[in-house]
Protein chains: 2
Amino acid sequence: MKTGEVRKILLKEKLDAVVLFNKSPGFKYFIAEDFDHGIMIITRKENLLFLSPLYGPRFKGFKVVQWKKFKDDWLKLMKDKRIRRVGYDAGSVLLRQKRFLSKYLKAKDVGALLSALRETKTPEEMARIRKACRITDEIFKGIVNNFKSFRKESDVARHIKMAALERGAEMAFEPITASGKNAVTAHHNKDSKINKGFMVLDFGAKYKGYCSDMTRTVYVGNPSRKEVEIYEKVLRAQLSCIDKARIGMNCGELFDHAVKCLGGDAKYFLHGLGHGFGIEIHEAPSSSPKSKDRIRKGSVITIEPGYYNQKTGIGIRIEDDIYFGKKKEVLTKSTKNLMIIRG
Amino acid sequence: MKTGEVRKILLKEKLDAVVLFNKSPGFKYFIAEDFDHGIMIITRKENLLFLSPLYGPRFKGFKVVQWKKFKDDWLKLMKDKRIRRVGYDAGSVLLRQKRFLSKYLKAKDVGALLSALRETKTPEEMARIRKACRITDEIFKGIVNNFKSFRKESDVARHIKMAALERGAEMAFEPITASGKNAVTAHHNKDSKINKGFMVLDFGAKYKGYCSDMTRTVYVGNPSRKEVEIYEKVLRAQLSCIDKARIGMNCGELFDHAVKCLGGDAKYFLHGLGHGFGIEIHEAPSSSPKSKDRIRKGSVITIEPGYYNQKTGIGIRIEDDIYFGKKKEVLTKSTKNLMIIRG
């Protein structure tokens, strides 16, 4: 995706090439495949992949240079292509990769410029994200329908993973399936039997390398009136934030709006309101407190207020994925009415 | 695992602590869980986990320090514990993590010393690796039994992933399911319909964070006598290498032995003979050409000769996992007789 935009960066920054190592999120992004091996070199003229001969030689839009002697062939390639000044991504590069790069070349950090390209999505990216969201909705339906067969939290997580595989997808991140008091830990990651009370289900399918990210909180057993009230308050805050969000808006302000909606309960809201996503599960913009990021045309972000009360053991989070295209669109469509599952 | 050994490194290297970031393989290793968030600090007295409050507070053998203000709380912790000189892992640290570390502390690379600890396995680790190997064998049996239901290579890969999940395991790496001419690419990673000819199935279950790694090559259709002969030659080389391997042996020599066994066909053997594994799928020792690594008591390695002939389109690899404990043990037990599947 957008390798043409990288060339503009090269001209502006007076660089011969951008060099990305395999674990950089830009790597999968520019090659537009779920592949992360070798070294990517985007010059002013061409897209190259410096690759071990153990891998196949064909990638759309990229010319593969298979090495026999890694270092010798690297130096030869740099010389042949007259590459001396390169841009790299300081946010994702390993220390040893940076050392390798700087040993032979002048290297400049252009990570922020590269990440910014990913902040607005192309139609091709949106098609994958929409599909990922659709699969996520289907999986949620399956969880509810099969809930009686789950005994442990890990049974639910396994169901999510299998349902994604059945639909040609993977996991965008390790699912969070936190029941009862476990739901108070926003990123609960231990296994236990499914306890009564609120249960936070935070998961997302990844389709052709693109993420989705949704949270629904269901209730196992019979909720008290107070519990239903708290859920409704979080839901109203979430709906109000979705309503408020618009292109050009400051994401820190959106966070402040969530705090305002939650009122006295905002002290139980312990994380950011949301984040962009795409190739990575966390991308710009960020709706954390005091964020200066803005929602741009083509952004896709999560909106996910939460409530985590250590004393009462109540944990709630409601999260949707919102796309800001020609119009604002909620991509995740699972019901947010409190679903009561009598365990 | 082995945090006591880390303390010996601290004394020897005159360090106050070893600091590991979340994506370091040592992180999962020392905590002995499939968890990789926060910063791990192993001091001369205690094991600490510097963690976001979004995560739970309990980890066996580790005291969790939850931060509220990341930088301030980090500096306070370093001051309270009188940590000034730290060891880090230069092989796995990100550039920005190293910069963060060196901003406040004296940092020394002890990556090689930490990796060496993982080279020999504890009984607890071996229990997990054995289980991972057992699951891998079961999955192979399932592939053969269900082969008629697979149309594409990705169908086989999906079957492998689902079968692992059903057994409480994950994937140690993205499975390779390369049929026909695709098998010539050692790390084939594109999808296609299942072609006739040899089909390389390289996969491994990961159980409680520990890997296994097995390759079997089956034949779809009717092999020629020549094809059967080549398969038998690779198999004889593999068996001979397993027979030859022993504690104390130089791994480069073991590679040379494989080359000798393959004779004139060694020119089609395009990768190393094998590697250690554990938390990571590639660990020391390495049986690449000229390797100076040695097999140690407690090592577990793969032995995997291969044959990749671009001209004839024949690709074959046979791989087992070998443990060098009181006696030498082949942990992966799936049959290596050429399995002919009439497609």
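Everything numeric in this text was worked out from a predicted model, so none of it was measured.

Analysis parameters
- Residues numbered from 1 in each chain as written.
- Chains lettered and ligands numbered in written order.
- Predicted model: local features only at pLDDT ≥ 70, side-chain atom pairs only at ≥ 80, totals over all residues.
- Heavy atoms only, no water.
- Phe/Tyr/Trp six-rings, centres within 6.5 Å; stacked < 30°, edge-to-face > 60°.
- Buried < 20%, exposed > 50% of the residue type's maximum accessible area, 1.4 Å probe, protein only.
- Helix = DSSP H or I, 4+ residues; strand = E, 2+ residues; numbered from the N terminus.
- Lys NZ or Arg CZ within 6 Å of the ring centre and 35° of its normal.
- pLDDT = per-residue confidence, 0-100.
- Contact = heavy atoms within 4.5 Å.
- Buried area = accessible area lost by both parts, 1.4 Å probe.
- Salt bridge = Lys/Arg side-chain N within 4 Å of Asp/Glu carboxyl O.
- Polar contact = N/O pair within 3.5 Å; in protein donor to acceptor, adjacent residues only side chain to side chain.
- Nonpolar A, V, L, I, M, F, W, Y, C, P; charged D, E, K, R; others polar.
- Lys, Arg positive; Asp, Glu negative; His and termini not counted.
- Pairing = 2+ DSSP bridges.
- Axes fitted to C-alpha atoms, helices over the stretch in contact; angles between N-to-C directions.
- Patch = residues over 30% accessible without salt bridge, like charges linked within 9 Å, V, L, I, M, F, W, Y side chains within 5 Å.
- Areas by Shrake-Rupley, 256 points an atom, 1.4 Å probe, with all protein chains shown as cover.
- Charge placed at Lys NZ, Arg CZ, Asp CG, Glu CD.
- Parallel < 35°, antiparallel > 145°, perpendicular 65-115°, else oblique.
- Left-handed = near helix turned anticlockwise from the far one by under 90°.
- Disulfide = S-S within 2.5 Å.
- Least-squares fit on C-alpha atoms with pLDDT ≥ 70 in both.
- Domains from an automatic or database assignment.

Draft legend 1. Expanded view of the packing of aromatic side chains. Tallied over the full model, the rule gives 28 aromatic pairs over all chains. Ring geometry for Tyr29 of chain B against Phe30 of chain B: centres 5.2 Å apart, planes inclined by 70°, an arrangement best described as edge-to-face. Exposure remark for Tyr29 of chain B: the relative accessible area of 1% places this residue in the buried category. The exposure class of Phe30 of chain B is buried, given its relative accessible area of 3%. With a centroid separation of 6.3 Å and 10° between ring planes, the pair formed by Phe198 of chain B and Tyr231 of chain B is classed as stacked. Of this pair, Phe198 of chain B sits in strand S9 (residues 197-203) while Tyr231 of chain B is found in helix H8 (residues 225-244), placing the two residues 33 residues apart along the sequence. Here Phe198 of chain B and Tyr231 of chain B have matching classes, each one buried. Through pairs of rings, three or more aromatic residues link up here, namely Phe50, Trp67, Phe70, Trp74, Phe100 and Tyr104 of chain A. Its guanidinium or amino end placed over the ring of Phe59 of chain B, Lys190 of chain A lies 4.3 Å from that ring's centre, counting from NZ or CZ.

Draft legend 2. Local environment of the confidence of the model for chain A. For chain A, per-residue confidence averages 96 on the pLDDT scale, and residues scoring 70 or more make up 100% of the total. Among the prediction metrics, the complex's ipTM stands at 0.92, with pTM recorded as 0.94.

Draft legend 3. Layout of the interface of chain A and chain B. Contacts between the two partners involve 31 residues from chain A, matched on the other side by 31 residues from chain B. For the pair chain A and chain B, the summed buried surface comes to about 2700 Å²; carbon and sulfur atoms form 57% of the total. Among the residues chain A hides against chain B, the three largest losses belong to Leu54, Leu95 and Leu165 of chain A. Together they make up 24% of the total. One salt bridge in this structure joins Glu170 of chain A and Lys161 of chain B, with 2.6 Å as the shortest N-O distance. Taken together, the links from chain A to chain B amount to 20 residue pairs in polar contact (both at pLDDT 80 or more). Counting only elements with at least two residues in the side of chain A that touches chain B, the list comes to helix H4 (95-104) and helix H7 (153-166) of chain A. For the side of chain A that touches chain B, a count of residues per class yields 13 nonpolar, eight polar and 10 charged.

Draft legend 4. Seen up close, the side chain of Asp137 of chain A. Residues and elements named next belong to chain A. Looking at where Asp137 falls in the secondary structure, it is placed in helix H6 (residues 123-145). Despite being buried, Asp137 has no salt bridge partner; Arg216 is the closest side chain of opposite charge, sitting 5.3 Å away. Residues contacting Asp137, with those up to four places away along its chain left out, are Met214, Leu331, Thr332, Lys333 and Ser334.

Draft legend 5. Up close: the environment of Ile42 of chain A. By the element assignment, Ile42 of chain A lies in strand S2 (residues 39-43). Remark: the alpha-carbon pair of Ile42 of chain A and Ala164 of chain A, spanning 122 residues in sequence, is separated by 33 Å.

Draft legend 6. Examining the sheet that holds strand S1 (residues 17-21) of chain B more closely. Residues and elements named next belong to chain B. Taken in spatial order, the six strands make up an open sheet running S4-S3-S2-S1-S5-S6, and their pairing is mixed. On the outer flanks of this sheet lie strand S4 (63-66) and strand S6 (106-109), each paired with one strand and no other. Each strand axis lies, on average, 30° off the axis of its neighbour in the sheet, ignoring direction. Pairing between strand S2 (residues 39-43) and strand S3 (residues 47-51): four bridges, direction antiparallel. Bridging across to S3, Ile39 finds its partner in Phe50.

Draft legend 7. Representation of a positive patch on the surface. A contiguous patch of positive charge on the surface is contributed by Lys244, Arg246, Lys260 and Lys328 of chain A. With a relative accessible area of 47%, Arg246 of chain A lands in the partly exposed category.

Draft legend 8. Region of interest: the packing of helix H3 (residues 70-80) of chain A against H4 of chain A. Residues and elements named next belong to chain A. The geometry of H3 relative to H4 is characterised by a closest axis approach of 11 Å and an angle of 50° between their N-to-C directions. Here H3 lies oblique to H4, going by the angle between them. Of the two possible hands of crossing, H3 and H4 adopt the one that is right-handed. Contact residues: Phe70, Lys71, Trp74 and Leu75 in H3; Phe100, Leu101 and Tyr104 in H4. Its residues assigned to classes, the contact of H3 with H4 shows six nonpolar, no polar and one charged.

Draft legend 9. Structural view of the state of the cysteines. Residues and elements named next belong to chain A. As enumerated under the stated definition, the model contains zero disulfides over all chains in all. There is no disulfide at Cys133, and the cysteine sulfur nearest it, in Cys211, is 10.0 Å away. A disulfide-free cysteine, Cys261 has its sulfur positioned 5.1 Å from the sulfur of Cys241, the nearest such atom.

Draft legend 10. Structural context of the relation of the copies chain A and chain B. Superposing chain A onto chain B takes a rotation of 180° combined with a translation of 0.0 Å along the rotation axis, leaving an RMSD of 0.0 Å. Such values leave the two copies arranged in the relation of a two-fold axis. The fraction of interface residues of chain A whose copies in chain B are also interface residues reaches 100%, indicating that both copies meet through the same surface.

Draft legend 11. Focus on the pattern of salt bridges. Residue and element names in this part refer to chain A. Enumeration over the complete set of coordinates arrives at 48 salt bridges over all chains. The salt bridge involving Arg296 is made with Glu119; its shortest N-O contact spans 3.6 Å. Separated by 177 residues along the polypeptide, Arg296 in the loop between strand S14 (283-286) and strand S15 (300-303) and Glu119 in the loop between helix H5 (111-117) and H6 bring together distant segments of the chain. One salt-bridge network, in which partners are shared between bridges, spans Arg118, Lys121, Glu280 and Glu283.

Draft legend 12. A look at the domain arrangement of chain A. Residues and elements named next belong to chain A. Considered domain by domain, chain A is made up of domain 1 (3-117) and domain 2 (123-341). Listed per partner, the contact involves six residues of domain 1 and eight residues of domain 2. Of the roughly 560 Å² buried between domain 1 and domain 2, counting both surfaces, carbon and sulfur atoms make up 53%. The largest share of the area that domain 1 buries against domain 2 comes from Pro25, Tyr29 and Asp34, three residues that together contribute 59% of it. Examining the composition of the side of domain 1 that touches domain 2, we find that three residues originate from one element, helix H2 (residues 25-31), more than from any other. For the side of domain 1 that touches domain 2, the class distribution of residues is four nonpolar, no polar and two charged.

Draft legend 13. Region of interest: the packing of H6 of chain A against H7 of chain A. Residues and elements named next belong to chain A. Contact geometry of H6 with H7 gives a least axis separation of 10 Å together with a crossing angle of 135°. Taken together, the axes of H6 and H7 lie oblique to each other. Between H6 and H7 lies a crossing of right-handed hand. The segment H6 lies against H7, with Ile139, Gly142 and Ile143 engaging Val156, His159, Ile160, Ala163 and Ala164. Residue composition of the contact of H6 with H7, grouped by class: six nonpolar, two polar and no charged.

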